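Below are the chains, spelled out letter by letter.
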Amino acid sequence: MTDRVVTFHSVRKLYGSFQALSGLSFSINKGELYGLIGPNGAGKTTAIRVLTGLNRHSSGDVTVLGHQPQDPKLRPLLGYMPQETALYQDLSVEENLRFFGKLYDIPAVELNRRVNDLLAFVDLEKWRSHVITELSGGMRHRASLAAALIPKPRLLVLDEPTVGVDPELRANFWQRFSEMQRDGTTILITTHYMDEAMRCDRVGLINHGQLVIEGAPAQLIHDANVSNLEEVFLKLAKREAPQ
Ligand SMILES: Nc1ncnc2c1ncn2[C@@H]1O[C@H](COP(=O)(O)OP(=O)(O)OP(=O)(O)O)[C@@H](O)[C@H]1O
Ligand SMILES: [Mg+2]
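Since the structure is predicted, the reported quantities are computational estimates derived from the model, not experimental observations. (Residues numbered from 1 in each chain as written. Chains lettered and ligands numbered in written order. Predicted model: local features only at pLDDT ≥ 70, side-chain atom pairs only at ≥ 80, totals over all residues. Heavy atoms only, no water.)

(A) Main features of the site of ligand 1. What surrounds ligand 1 is a group of 14 residues, the closest being G41, K44, T45, T46 and H192. Here an oxygen atom of ligand 1 sits 2.5 Å away from a polar atom, N or O, in the side chain of T46. E160 is positioned such that a nitrogen or oxygen atom in its side chain is 3.4 Å from an oxygen atom of ligand 1. Considering ligand 1 on its own, with 640 Å² of exposed area, one finds that the protein chains cover 62% of that surface. For the shell around ligand 1, the elements supplying multiple residues, two or more each, are β2 (18-29) and α1 (44-51). Across the shell around ligand 1, the residue classes break down as five nonpolar, seven polar and two charged. (Near = heavy atom within 4 Å. Polar contact = N/O pair within 3.5 Å; in protein donor to acceptor, adjacent residues only side chain to side chain. Areas by Shrake-Rupley, 256 points an atom, 1.4 Å probe, with all protein chains shown as cover. Helix = DSSP H or I, 4+ residues; strand = E, 2+ residues; numbered from the N terminus. Nonpolar A, V, L, I, M, F, W, Y, C, P; charged D, E, K, R; others polar.)

(B) Just the packing of aromatic side chains, in detail. For the structure shown, the criterion picks out seven aromatic pairs. With a centroid separation of 5.3 Å and 75 degrees between ring planes, the pair formed by W174 and F177 is classed as edge-to-face. One end of the pair, W174, and the other, F177, are both in helix α5 (residues 167-182), three residues apart, so they sit about a helical turn from each other. Note on accessibility: W174 and F177 belong to one class, buried. Each member of the aromatic cluster is reached from another via a ring pair, and the members are F121, F173, W174 and F177. Here the guanidinium or amino end of R170 rests over the ring plane of Y193, the centre of that ring lying 4.6 Å away. (Phe/Tyr/Trp six-rings, centres within 6.5 Å; stacked < 30°, edge-to-face > 60°. Buried < 20%, exposed > 50% of the residue type's maximum accessible area, 1.4 Å probe, protein only. Lys NZ or Arg CZ within 6 Å of the ring centre and 35° of its normal.)

(C) Region of the structure containing the sheet that holds strand β7 (residues 186-190). Read from one edge to the other, the open sheet built from six strands follows the order β5-β6-β7-β3-β8-β9, with strand pairing classed as mixed. The open sheet has two free edges, formed respectively by β5 (78-81) and β9 (210-215), since each of these has just one partner strand. The sheet shows a mean angle of 15 degrees between the axes of neighbouring strands, direction not considered. Relative to strand β6 (residues 155-159), β5 is paired through four bridges, and the arrangement is parallel. Bridge assignment links G79 to a residue of β6, and that residue is L156. (Pairing = 2+ DSSP bridges. Axes fitted to C-alpha atoms, helices over the stretch in contact; angles between N-to-C directions.)

(D) A negative patch on the surface, seen in detail. Negative charge collects at one region of the surface, where D123, E125, D166 and E168 lie side by side. Looking at the element boundaries, E125 is found in the loop between α3 (108-121) and α4 (137-149). (Patch = residues over 30% accessible without salt bridge, like charges linked within 9 Å, V, L, I, M, F, W, Y side chains within 5 Å. Salt bridge = Lys/Arg side-chain N within 4 Å of Asp/Glu carboxyl O. Lys, Arg positive; Asp, Glu negative; His and termini not counted. Charge placed at Lys NZ, Arg CZ, Asp CG, Glu CD.)

(E) Structural view of the sheet that holds strand β1 (residues 4-15). Strand order in the open sheet formed by three strands is β2-β1-β4, and the pairing between neighbours is antiparallel. The open sheet has two edge strands with one neighbour each: β2 and β4 (59-64). Within this sheet the neighbouring strands show an average axis-to-axis angle of 15 degrees, counted without direction. By the bridge criterion, five bridges tie β1 to β4 in an arrangement that is antiparallel. Counted as the bridge partner of R12 is S59 from β4. Where α1 meets the sheet, its contacts fall on β1, β2 and β4, and the angle it forms with β1 comes to roughly 115 degrees. (Contact = heavy atoms within 4.5 Å.)

Laid out in structure tokens, this is it:
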């Protein structure tokens, strides 16, 4: 049995005639914290939407925890924080968390415990009864992260989770990700912050829907003969489309 939690093999995703993924191949090992980086429009969110079964890929192979992305068996195993907050705007923070808990069939006592723990973690206890439209952008992001953590997933997928989040909470988020990883959770994260990418076990740089380079951050810096990950990015993530 393989230790691969996610595999993408030559995956293409077409939107009309536009190829958002053009033969993307990468894999994530069990327990790994894997970072997907790349310029705006590179295909990171598209890859995540394919992985989570929200969009069907046009060709190639994708497996997630041994299942096809659309397999309902995958649902309870996956936590997903989308780039655009996907919460019910007219429900309160707490109602949103409870709603997600019910989707995952979490027993009431355990759900109470998780809701309280997560509200404390994202520092929204005082806001628990407020509807989402009353929250600031960063607070919505925090509520969205709490919702993604409700199922205690085997694979946690986070699409730019720390955008608009203040530095103290950003540090808390990363501490939590490390703790979850220690507990055996595999994590896929996308980020434009190179200090965050440095904290990943491995990073995949994608551009124009393809993997450009992949490896441990320190190795990538060494191989590119530069002094930091930002320089690797600037060197390799060219804007022009390949010929
Ligand atoms: N529903 C859609 N219909 C048509 N084109 C789309 C659609 N969704 C994404 N695209 C295109 O696919 C490409 C990849 O977009 P994607 O959102 O995956 O990029 P990204 O790497 O997540 O970028 P960002 O860093 O800005 O979040 C872009 O050129 C985008 O315009
Ligand atoms: Mg994106």
